[in-house]
Structure formats: structure tokens, C-alpha cells
Amino acid sequence: MKKVKVYITLRESVLDPQGQAVKDSLHNMEYKNVQDVRIGKFIELELDDTADIDTQIKEMCEKLLANTVIENYRYEIEEGVMQ
Amino acid sequence: MKTAVIVFPGSNCDSDMFYAIKDGLGEDVSYVWHTETTLDDYDAIMIPGGFSYGDYLRSGAIARFSNIMPAVVKAAKAGKPILGVCNGFQVLLEAGLLPGAMLRNKELKFICQTTPLVVENNNTIFTKEYEDNEVIQVPIAHGEGNYFCDGRTLQQLEENNQVVFKYHSKNPNGSVADIAGIINEQGNVLGMMPHPERAVDDILGNKDGLRLFQSILKHWRESHAAVTS
């Protein structure tokens with residue numbers, strides 16, 4: 001069993017209106033030193049071991065989990081806890 | 001002309017689309033559930049608006065992998081007219097049948113209002129019944145209609161006249177180059193955020209959308225006559 005953590009973020013070239021709104025709110029809360037806020041997604045997968053897990057996860061990310069027109073992704077593979 | 005309206009769990013403009021074809025055009029139309037696998041019997045395919053699969057992950061991302069989609073791709077390759085409205089547009093983008101992607105509206109609000117559009121290209125099978133650069137009134141209703149593509153794609157879209165509709169005077173959602181609707185290079189797949197199916201009847205206060213469906217029908221009749229004669 002493997003646990004995979006997938007982080008999806010908007011590409012640098014894409015404006016993030018949600019992040020902007022949160023940044024404005026943090027500024028209103030007097031956290032004036034906040035320069036930028038970018039909001040992304042965090043996805044946790046638990047899957048059975050396969051020979052080529054990297055290829056499989058990349059495929060999942062490119063096909064479904066991320067839209068590479070607007071998003072980047074990275075992931076970490078951890079040993080899963082036995083149930 | 002036989003038209004299919006594809007229905008996903010969470011589609012909610014399917015009845016409006018059905019009504020536009022059946023009563024607006026007076027043509028044969030059927031609902032096709034997303035579990036079906038063929039569209040061979042249909043001449044035109046409509047992907048309606050709504051919130052397919054609750055917009056989970058991204059709008060259109062899960063619908064794009066439903067059983068009916070290979071048939072939509074096949075119909076696109078065969079040159080059949082395919083219209084995706086609102087969530088239907090998002091599905092076409094996720095499926096790669098049109099370039100680009102959708103972002104949240106710039107102001108983060110869901111916007112529901114009649115919006116003026118400019119017909120940027122009236123030389124398509126969807127827009128022949130409009131004048132070039134005509135300004136029409138069509139309702140929008142979306143929270144995620146902020147069309148995005150990279151600079152190179154935008155240049156290609158503009159060079160090939162693939163931008164069919166632009167927002168007029170005020171861009172409601174922050175889309176690149178005020179884009180409201182684009183067509184594929186072959187000219188048979190149109191995606192647009194505004195809802196022409198909600199503007200097909202005087203009783204709705206607006207008939208500007210009807211000519212889009214009339215254009216599709218006219219094209220079908222012309223090509224059909226060419227085949228049979």
C-alpha cells in the first residue's frame with residue numbers, strides 16, 4: 001500500500017482571483033507583510049503497489065487530477081499504513 | 001435533422017435545450033443519457049449547461065470521462081455540429097475538443113444576466129443567420145466562465161477566426177480577449193458560455209439565440225440536399 005500526496009497549483013501565468021481576495025482579507029487583518037496568496041488543491045490517494053507507480057500517478061494527474069493548461073502538479077509517495 | 005441533447009448527472013439546462021430544438025426549431029430531438037455509447041443516429045449534438053457531477057474537481061472534468069464522450073469525439077471527427085453551452089463548453093475544453101481552460105470569474109461571483117455579445121465570425125455553421133459584427137443579447141449564468149488560454153493559442157484562435165462571440169462593451173468574467181465563444185479549427189465544434197437556448201421565444205423576452213439553432217438547421221438542410229440531389 002502506498003499513500004500519495006498530490007499538490008495542484010495554478011500556473012504562475014494564471015491570475016488567482018480567490019488568492020487575491022484572501023490576500024486582501026489578510027491585509028485587512030493587518031497582516032500587511034503578505035505579498036501574495038495562491039490557492040491550490042491537495043489530493044491524497046491510497047493505492048496498491050504496482051511496478052510503475054510514477055507513470056501511473058503522472059497519467060492520473062495529466063488526464064484528470066490537474067488541467068495542465070492552467071495548473072501544475074507535484075506529488076510525494078509515502079509508505080501507507082497497514083490497515 | 002435529428003438532434004441529441006446529452007444529459008449528465010447535474011445537467012440542468014437540458015430541458016431548455018430540448019425545448020429550443022423541439023419548439024423553437026420544430027425539429028426532432030432526444031435526450032441521450034451519459035451512459036450511452038453511440039450517437040450514430042444523430043445529425044447534431046448539444047451538450048447543455050448545468051453542474052455535471054457537481055463541478056467536482058473542476059467543471060466538466062469528470063463528465064469528460066463518461067461513457068458517451070468517445071461518441072462525442074467520433075461525431076466531432078465526422079464533422080457533425082456539436083454545441084457546448086456553459087458547462088457543455090467546459091466539458092468540450094476538458095475533453096480537448098476545444099483549446100484553453102476555464103477559471104473562476106474574476107469578481108468571484110456567479111453572474112446571471114442578459115449580456116450583449118458581438119458576433120465576431122458569422123461565417124460558421126452556427127452563425128450564418130447573424131450579421132457580421134451584429135450585437136445580440138444572450139443570457140449568461142455562470143461562476144466559472146473566465147476563459148483562459150496562453151498567448152500562442154490566442155494568436156492561433158484569432159488568426160483562424162475561431163473566436164465566434166465576444167462580450168460587448170463590458171467583459172463580465174475577465175475572459176482573455178473578451179472571449180465568450182470559440183469554434184474548433186474544422187468549424188464544427190462550438191463552445192460558448194452564454195445560453196442561446198434561453199433566448200428563443202418572445203415570451204422569454206428575447207429571441208436572439210434562436211438564429212444560432214436556425215443556422216445549424218439551414219446548414220444541415222443545405223448539406224443534406226447536396227447529398228440527396
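Residues numbered from 1 in each chain as written. Chains lettered and ligands numbered in written order. Predicted model: local features only at pLDDT ≥ 70, side-chain atom pairs only at ≥ 80, totals over all residues. Heavy atoms only, no water.

Per an unreviewed UniProt entry, chain B is named Phosphoribosylformylglycinamidine synthase subunit PurQ, and its organism is Scopulibacillus darangshiensis. The Pathway (unreviewed entry) comment attached to chain B in UniProt states, word for word, "Purine metabolism; IMP biosynthesis via de novo pathway; 5-amino-1-(5-phospho-D-ribosyl)imidazole from N(2)-formyl-N(1)-(5-phospho-D-ribosyl)glycinamide: step 1/2." Listed in UniProt under the heading Subunit (unreviewed entry), the comment for chain B reads: "Part of the FGAM synthase complex composed of 1 PurL, 1 PurQ and 2 PurS subunits." (UniProt positions renumbered as here; feature names shortened; annotations may be inferred.)

Named according to an unreviewed UniProt entry, chain A is Phosphoribosylformylglycinamidine synthase subunit PurS originating from Scopulibacillus darangshiensis. In the Subcellular location (unreviewed entry) part of its UniProt record, chain A is described as follows: "Cytoplasm".

Participant: Quick question: what am I supposed to make of the pairing of strand β1 (residues 2–10) of chain A here?
Facilitator: Side-chain positions along a regular strand alternate between the two faces of the sheet. Residue and element names in this part refer to chain A. As paired elements, β1 and strand β2 (residues 41–47) share seven bridges and run antiparallel to each other. Directly across from Lys5, in β2, lies its bridge partner Glu44. Across nine bridges, the pairing between β1 and strand β3 (residues 71–79) is antiparallel. Within β3, the position partnered with Tyr7 by the bridge is Arg74. (Pairing = 2+ DSSP bridges. Helix = DSSP H or I, 4+ residues; strand = E, 2+ residues; numbered from the N terminus.)

Participant: Honestly, the nonpolar core in this entry has me stumped. Any pointers?
Facilitator: Soluble globular proteins tend to bury their nonpolar side chains together. The biggest cluster of nonpolar side chains holds 76 residues, and the ones touching the most others in it are Leu39(B), Leu83(B) and Phe165(B). Broken down by element, this core gets its largest block of residues, six residues, from helix α5 (residues 210–228) of chain B. Among all residues touching Leu39(B), those that are not within four sequence positions of it are Ala4(B), Ile6(B), Val32(B), Ile45(B), Ile68(B), Ala71(B), Val72(B) and Lys80(B). In this structure, Val6(A), Ile8(A), Leu45(A) and Tyr75(A) belong to the second largest nonpolar core, which totals 12 residues. (Core = buried A, V, L, I, M, F, W, Y, C linked by side-chain atoms within 4.5 Å. Buried < 20%, exposed > 50% of the residue type's maximum accessible area, 1.4 Å probe, protein only. Contact = heavy atoms within 4.5 Å.)

Participant: Help me out: how do you make sense of the layout of surface pockets in this one?
Facilitator: The gaps left among the atoms become clear once a water-sized probe is rolled over them. Here the largest pocket is characterised by a volume of approximately 380 Å³. For the largest pocket, the lining is made up of 21 residues, of which Gln18(A), Lys41(A), Glu71(A), Arg104(B) and Glu144(B) are closest to its centre. Broken down by secondary-structure element, the contributors of at least two residues to the lining of the largest pocket are β1 and α1 (17–28) of chain A together with β5 (101–103) of chain B. Looking at the lining of the largest pocket element by element, the count peaks at three residues for β1(A). Among the residues forming the lining of the largest pocket, the class breakdown is 10 nonpolar, four polar and seven charged. Put simply, the second largest pocket is a space of about 270 Å³. Along the wall of the second largest pocket there are 16 residues; nearest its centre are Leu97(B), Gln162(B), Asn184(B), Glu185(B) and Gln186(B). (1 Å grid on protein atoms, 1.4 Å probe; cavity = no way out; pocket = protein on both sides within 12 Å on 5 of 7 lines; lining within 4 Å. Points joined across faces, edges and corners; volume = space filled by probe spheres on them. Nonpolar A, V, L, I, M, F, W, Y, C, P; charged D, E, K, R; others polar.)

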